[in-house]
Amino acid sequence: MTIKKKPKVFSGIQPSHALHLGNYLGALKPWVESQNETDNVFCVVDLHSPTLLGDIDPKILAENSRSVAALYFAAGIDPEENIVFIQSHVPEHTEATWILSCATPLGWLNRMTQFKSKSQLVESVGTGLLTYPVLMAADILLYDTNRVPVGDDQRQHVELTRDIAMRFNNLFGDVFTIPEAVIPKLGARVMSFDEPETKMSKSIARSKAGHAVNLLDSEKQMKKTIMSAVTDSERETRFEHASKGVYNLLSLYQTLSGESKESIEAKFDGQGYGFLKKELLGIVIESLAPVQKRYAEIMDDRAELERILANGAQKAKERASVTLQRMKNATGVG
Ligand code: AMP
Ligand code: TRP
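Rules used in this analysis
- Residues numbered from 1 in each chain as written.
- Chains lettered and ligands numbered in written order.
- Predicted model: local features only at pLDDT ≥ 70, side-chain atom pairs only at ≥ 80, totals over all residues.
- Heavy atoms only, no water.
- Helix = DSSP H or I, 4+ residues; strand = E, 2+ residues; numbered from the N terminus.
- Buried < 20%, exposed > 50% of the residue type's maximum accessible area, 1.4 Å probe, protein only.
- Contact = heavy atoms within 4.5 Å.
- Axes fitted to C-alpha atoms, helices over the stretch in contact; angles between N-to-C directions.
- Parallel < 35°, antiparallel > 145°, perpendicular 65-115°, else oblique.
- Left-handed = near helix turned anticlockwise from the far one by under 90°.
- Nonpolar A, V, L, I, M, F, W, Y, C, P; charged D, E, K, R; others polar.
- Core = buried A, V, L, I, M, F, W, Y, C linked by side-chain atoms within 4.5 Å.
- Domains from an automatic or database assignment.
- Expected span 1.5 Å × (residues − 1).
- Bend = angle between axes of the 7 residues up to and from the residue.
- Polar contact = N/O pair within 3.5 Å; in protein donor to acceptor, adjacent residues only side chain to side chain.
- Salt bridge = Lys/Arg side-chain N within 4 Å of Asp/Glu carboxyl O.
- Phe/Tyr/Trp six-rings, centres within 6.5 Å; stacked < 30°, edge-to-face > 60°.

## Some thoughts on the environment of L100
Structurally, L100 is set in helix α3 (residues 92-102). C-alpha separation for the pair L100 and K220, spaced 120 residues apart in sequence, amounts to 47 Å.

Here is the structure:
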């Protein structure tokens, strides 16, 4: 009998600021739902956090990394069955980044839309902001990854990873597996509550109340954010005709409830937006309360959390070092 190998998965979330509903629906929840079908590595990508200089306080970054890892487990990632670790604990990532960056044309990085928009947010653009997708490519390629489950905003970076891997393979021989992005059908692009034209974002949420529901918000905070979400002066609750703000509320309700569009439209038809907001608030609280409860328990046993992360880093290193050695052999380094 041949045992079919499970597809390999790699994904990560930056520990800059609190995780929000977009991170949960676009990434964490889909990871949890498919974890049994795949061989998974989930990383807290702390080396990505300093790319926007001044955006994150160095005093809290290490603590945030633990908090994000705890949220992975609280959301349902099984620490026994998956490799979970903090990126900077496995230095192979930075070493691989250097080798990959030498094979990455500058023009490819200049084209990244996230670079274009983020570089406008800061006065001084660090080189790391430009080369950050190469670090992300290293993360993915070091683990012979087949699938990268991410939200829609990361699609371009995964495409770039594929291009880098193919170019590297062309130049140096068959070193890398070519990965593909897996984007959830629902929840891949959660918009903000205060400006529904803008994607829910950690850095904006940090300085703007009403922008996002964070996973660790109190019920009171969630209520304030959702009840003051931007809508319009109509009573239109059909997906096709709804304004951006209402569409976002309906989509969030759909993603969290698992109900069909038709039954949601029937439920909210003619009811006014207050009712939609109240029902959405209810389902958000109901979904996040168990996550918050488990999070508190996990953070209470810090020694155990550190043990799991040290174990994860060791297992990750075992895999990453094999690929890095392959890269070195292929390029003649070492
Ligand atoms: P980041 O917050 O940039 O570290 O993103 C971590 C993961 O969450 C990535 O897979 C993103 O694509 C996903 N993500 C971030 N913001 C959103 C959003 N507003 N809607 C859906 N997914 C998101
Ligand atoms: N760049 C991703 C983001 O901002 C986070 C990330 C870093 C990532 N390395 C990764 C996601 C590897 C998937 C795979 O959301």
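## Some words on the environment of K261
With respect to the helices and strands, K261 occurs in helix α11 (residues 261-268). Take K261: its relative accessible area is 34%, and that puts it in the partly exposed class. Through-space distance from the C-alpha of K261 to that of F239 is 7.6 Å; in sequence the pair is 22 residues apart. When sequence neighbours within four positions are dropped, the list of residues in contact with K261 reads F239, Y247 and Q254.

## Overview of the packing of helix α2 (residues 58-75) against helix α12 (residues 273-300)
Interhelical geometry of α2 versus α12 gives an angle of 130° and a closest axis separation of 8 Å. On the basis of their axis angle, the class for α2 and α12 is oblique. Every pair of crossing elements has a handedness; the one defined by α2 and α12 is right-handed. Only V291, R294, Y295, I298 and M299 of α12 make contact with α2, whose side of the interface consists of E63, R66, S67, A70, L71, F73, A74 and A75. Within the contact of α2 with α12, the residues separate by chemical class into nine nonpolar, one polar and three charged.

## Considering the nonpolar core
The biggest cluster of nonpolar side chains holds 57 residues, and the ones touching the most others in it are L21, L28, Y72, F193, L280 and V284. Top element by residues in this core is α12. It accounts for 11 residues. Taken together, domain 1 (8-184 + 301-331) and domain 2 (202-296) each give at least three residues to this core, which thus spans both. Those residues in contact with L28 that lie beyond four places of it in its chain are I13, L19, N23, L71, Y72, A75 and L215. Within the second largest apolar cluster, 40 residues are counted, among which are L130, V134, A165 and F168.

## Some details on α2
Taking 1.5 Å per residue, 18 residues should reach 26 Å; α2 reaches 26 Å between its end C-alpha atoms and fits that length. Residue N64 marks the point of greatest curvature in α2, where the axis turns by about 25°. The buried fraction of α2 is high, at 13 of 18 residues. Its side-chain oxygen placed 2.9 Å from the backbone nitrogen of K59, D57 serves as the N-cap of α2. Just downstream of α2 lies G76, where phi reads positive at about 125°.

## Overview of the pattern of salt bridges
Enumeration according to the criterion identifies 17 salt bridges in this entry. Residue K328 pairs with E95 through a salt bridge whose shortest N-O separation is 2.7 Å. With K328 in helix α13 (residues 302-331) and E95 in helix α3, the pair connects residues that are 233 residues apart, well separated along the chain. Exposure remark for E95: the relative accessible area of 37% places this residue in the partly exposed category. With its nearest N and O atoms 3.0 Å apart, the salt bridge here joins D152 to R155.

## Re the packing of aromatic side chains
Aromatic ring pairs: the centre-centre distance and the angle between the two ring planes describe each pair. Throughout the structure, instances matching the rule amount to nine aromatic pairs. Here F10 and Y143 contribute two aromatic rings whose centre-to-centre distance is 5.3 Å and whose plane-to-plane angle is 20°, an arrangement assigned as stacked. With F10 in strand β1 (residues 8-13) and Y143 in the loop between α6 (127-141) and β4 (147-149), the pair connects residues that are 133 residues apart, well separated along the chain. Of the two residues, F10 and Y143, both sit in the buried class. Taking the centre distance of 4.8 Å and the plane angle of 50° together, the rings of F168 and F172 count as tilted. Taken as a pair, F168 and F172 lie in helix α7 (residues 155-172) at a separation of four residues, close to a single helical turn. Overall, F168 belongs to the buried group, its relative accessible area being 0%.

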